[in-house]
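Here is how the chains run, residue by residue.
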Amino acid sequence: MVSEAPRASSPLTDAYERWRASRLGQITDRLQQQTLSGLIGEVDGLRVLDVGCGDGVFAIELAKRGGIVTGLDPDPTMLQAAEARALKEGITLTLEQGEAGALPFPDAAFDRVVAVTVLCFIPDAEQSIAEMARVLRPGGRLIVGELGRWNVWAAQRRIQGWMGNSVWRDAYFRTASELRRLVTRHGLTACETRGATFYPPSGAAASRLATIDPWLGRRTTLGAAFIAQAAQKGRRAKCRPQSFSPEM
């Protein structure tokens, strides 16, 4: 249960606010959230875990759709920001501090597990996926959203990392094929793959190309700055057929 909390502020939360106030951020977040929501499906009455929930924007959206949502993040400042945001919007969330590689939940505790731009910033993606699979019930669905490797955004971020940017210096960018192999190694059946954010990091470009972005994302991930992979627990999982061949 979320109780009253003051607005949390830190360099990271302030950066999130600046991003969401920009035209590029608003368009990009909307398109990526649409991509994720399409893969997650209905959540009304389902137990949902948002791993790396940050300041709670997506967790709150899932709760608005009827999900019984738990948000987990290692950063107490981000959890405080999520708490304040949920309170402001009148949404109930369960918020827990913890790491993706050691989830503080019992086996098969959730119907849906979501992790958005988490694996790219942690050293042991294998352990984290194993933990997500563990807490997912049989037949439940995992949705992982990650930063794509072959696109203008990734190239720009690599250069920033080479120049000493601490956020991008150790970030890992993945292809769709890598994501599919990652989830299948942990008892999950890879389902749909979707791409998003095919335009360069420019508000003007985002405005012009936003209408075709979902169309491209259903057909390829080559050039996508964001890649979302759905997987289901169980070898006999029923998945919608893959409609395109993602890049290697």
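The model shown is predicted, which means the values in this text are computed figures rather than measured ones.

1. Regarding the pattern of salt bridges
(1) Moving on: Applying the stated criterion across every chain, the model contains 13 salt bridges.
(2) Moving on: One salt bridge in this structure joins Asp-111 and Arg-137, with 2.5 Å as the shortest N-O distance. Here Asp-111 is found in strand β4 (residues 110-116), whereas its partner Arg-137 is found in strand β5 (residues 136-147), with 26 residues between them in sequence.
(3) Moving on: The exposure class of Asp-111 is buried, given its relative accessible area of 7%.
(4) Moving on: With a relative accessible area of 25%, Arg-137 lands in the partly exposed category.
(5) Moving on: The partner of Glu-146 in a salt bridge is Arg-174, with the nearest N and O atoms 3.9 Å apart. Here Glu-146 is found in strand β5, whereas its partner Arg-174 is found in the loop between α6 (152-162) and α7 (176-184), with 28 residues between them in sequence.

2. Points about the packing of aromatic side chains
(1) Moving on: Within the structure shown, the criterion is met by five aromatic pairs.
(2) Moving on: Note on Phe-121 and Trp-168: the rings are 5.7 Å apart at their centroids and 45 degrees apart in plane angle, and the pair reads as tilted. Remark: Trp-168 occurs in the loop between α6 and α7 and Phe-121 occurs in the loop between β4 and α5 (125-135); sequence separation between them is 47 residues.
(3) Moving on: Phe-121 gets classed as partly exposed once you look at its relative accessible area, which sits at 39%.
(4) Moving on: A ring pair is formed by Trp-168 and Phe-173, whose centres lie 6.3 Å apart and whose planes are at 20 degrees; its orientation type is stacked.
(5) Moving on: For Trp-168, a relative accessible area of 16% translates into the label buried.

3. Focus: the pairing of strand β6 (residues 188-196)
(1) Moving on: Counting buried residues in β6 gives nine out of nine residues, a clear majority hidden from the surface.
(2) Moving on: Of the strand pairs in this sheet, β6 and strand β7 (residues 226-233) are connected by seven bridges, and their pairing is antiparallel. Looking at β7, one finds that Gly-195 is bridged to Ile-227.

4. What about the pairing of β7?
(1) Moving on: Burial within β7 is extensive, with seven of its eight residues counted as buried.
(2) Moving on: The sheet contact formed by β5 and β7 spans seven bridges and is antiparallel. Within β7, the position partnered with Val-144 by the bridge is Gln-229.

5. Some points on the layout of surface pockets
Over the atoms, a rolling probe the size of a water molecule traces out where space has been left empty.
(1) Moving on: By volume, the largest pocket is sized at about 1,600 Å³.
(2) Moving on: Elements supplying a minimum of two residues to the lining of the largest pocket: α1 (11-21), α2 (23-40), β1 (47-51), α3 (57-64), β2 (68-73) and α6.
(3) Moving on: Broken down by element, the lining of the largest pocket gets its largest block of residues, six residues, from α1.
(4) Moving on: Counted by class, the lining of the largest pocket contains 25 nonpolar, 12 polar and 10 charged residues.

6. Focus on the environment of Gly-101
(1) Moving on: Counting through the fold element by element, Gly-101 comes out in the loop between β3 (94-97) and β4.
(2) Moving on: A residue is classified by how much of its surface remains accessible, and Gly-101, at 27% relative accessible area, is partly exposed.
(3) Moving on: In this structure Gly-101 touches Gln-127, Ser-128 and Glu-131, once residues within four positions along its chain are discounted.

7. A look at unusual backbone geometry
(1) Moving on: Backbone geometry places Ala-108, a non-glycine residue, at a positive phi of 55 degrees.
(2) Moving on: According to the relative accessible area criterion, Ala-108 is partly exposed, its value standing at 30%.
(3) Moving on: One non-glycine residue, Thr-117, lies in positive phi territory at about 45 degrees.
(4) Moving on: Along the polypeptide, Thr-117 turns up in the loop between β4 and α5.

8. Notes on the environment of Ala-133
(1) Moving on: Examined against the element boundaries, Ala-133 turns out to sit in helix α5.
(2) Moving on: When the C-alpha positions of Ala-133 and Val-113 are compared, they lie 8.4 Å apart, and in sequence the two are 20 residues distant.
(3) Moving on: With sequence-adjacent residues up to four places away left out, Ala-133 is seen in contact with His-186, Leu-188 and Lys-233.

9. Brief notes about a nonpolar patch on the surface
(1) Moving on: Together, Ile-159, Trp-162 and Met-163 line one region of the surface with nonpolar side chains, adding up to about 440 Å² of accessible area.
(2) Moving on: Tracing the chain through its elements places Met-163 in the loop between α6 and α7.

10. Brief notes about the side chain of Thr-197
(1) Moving on: Along the chain, Thr-197 turns up in the loop between β6 and α8 (203-209).
(2) Moving on: Within the structure, the side chain of Thr-197 is placed 2.9 Å from the side chain of Gln-32, a separation counted as a polar contact.
(3) Moving on: Residues contacting Thr-197, with those up to four places away along its chain left out, are Thr-28, Gln-32, Trp-153, Asp-213, Gly-223, Ala-224, Ala-225 and Phe-226.

Basis of the calculations
Along each chain, residue indices are assigned from 1 in the same order as the chain's sequence is written. Local features in this predicted model are restricted to residues of pLDDT 70 or higher, and side-chain atom pairs are both shown and tallied only at a pLDDT of 80 or more, whereas totals for entire chains, interfaces and linings draw on every residue. The side-chain figures draw on all heavy atoms in the structure; neither hydrogens nor water molecules are used. Here, a salt bridge means any Lys or Arg side-chain nitrogen found within 4 Å of an Asp or Glu carboxyl oxygen. Numbering of helices and strands runs from the N terminus; a helix is a DSSP stretch of H or I covering at least four residues, while a strand is a stretch of E covering at least two. Throughout, exposure labels follow a simple rule: accessible area from a 1.4 Å probe, protein chains only, divided by the maximum for the residue type, with under 20% read as buried, over 50% as exposed, and the rest as partly exposed. Geometry of aromatic contacts follows a simple scheme: Phe, Tyr and Trp rings, the Trp one being its six-membered ring, pair when their centres are within 6.5 Å, and the pair is stacked under 30 degrees between planes, edge-to-face over 60, tilted otherwise. Note on pairing: DSSP must find at least two bridges between two strands before they are called paired. A cavity here means a set of 1 Å grid points, computed over protein atoms only, where a 1.4 Å probe fits but cannot escape. A pocket is an open set with protein on both sides within 12 Å along at least 5 of 7 lines, and lining residues have an atom within 4 Å of a point. Grid points are joined across faces, edges and corners, and a volume is the space filled by probe spheres set on the points. Throughout, the ten residues Ala, Val, Leu, Ile, Met, Phe, Trp, Tyr, Cys and Pro are labelled nonpolar, Asp, Glu, Lys and Arg are labelled charged, and all others, Gly among them, are labelled polar. The contact criterion used throughout is that any non-hydrogen atoms of two residues lie within 4.5 Å. Like charges are joined within 9 Å and nonpolar side chains (Val, Leu, Ile, Met, Phe, Trp, Tyr) within 5 Å, but only among residues with over 30% relative accessible area and no salt bridge; these make up the patches. Accessible surface area values rest on a Shrake-Rupley calculation with a 1.4 Å probe, where residue burial reflects the displayed protein chains alone. For the purposes of these results, a polar contact is taken to be a pair of N or O atoms within 3.5 Å, where, inside protein, one atom must be able to donate a hydrogen and its partner to accept one; residues adjacent in sequence count only when each atom of the pair is a side-chain atom.

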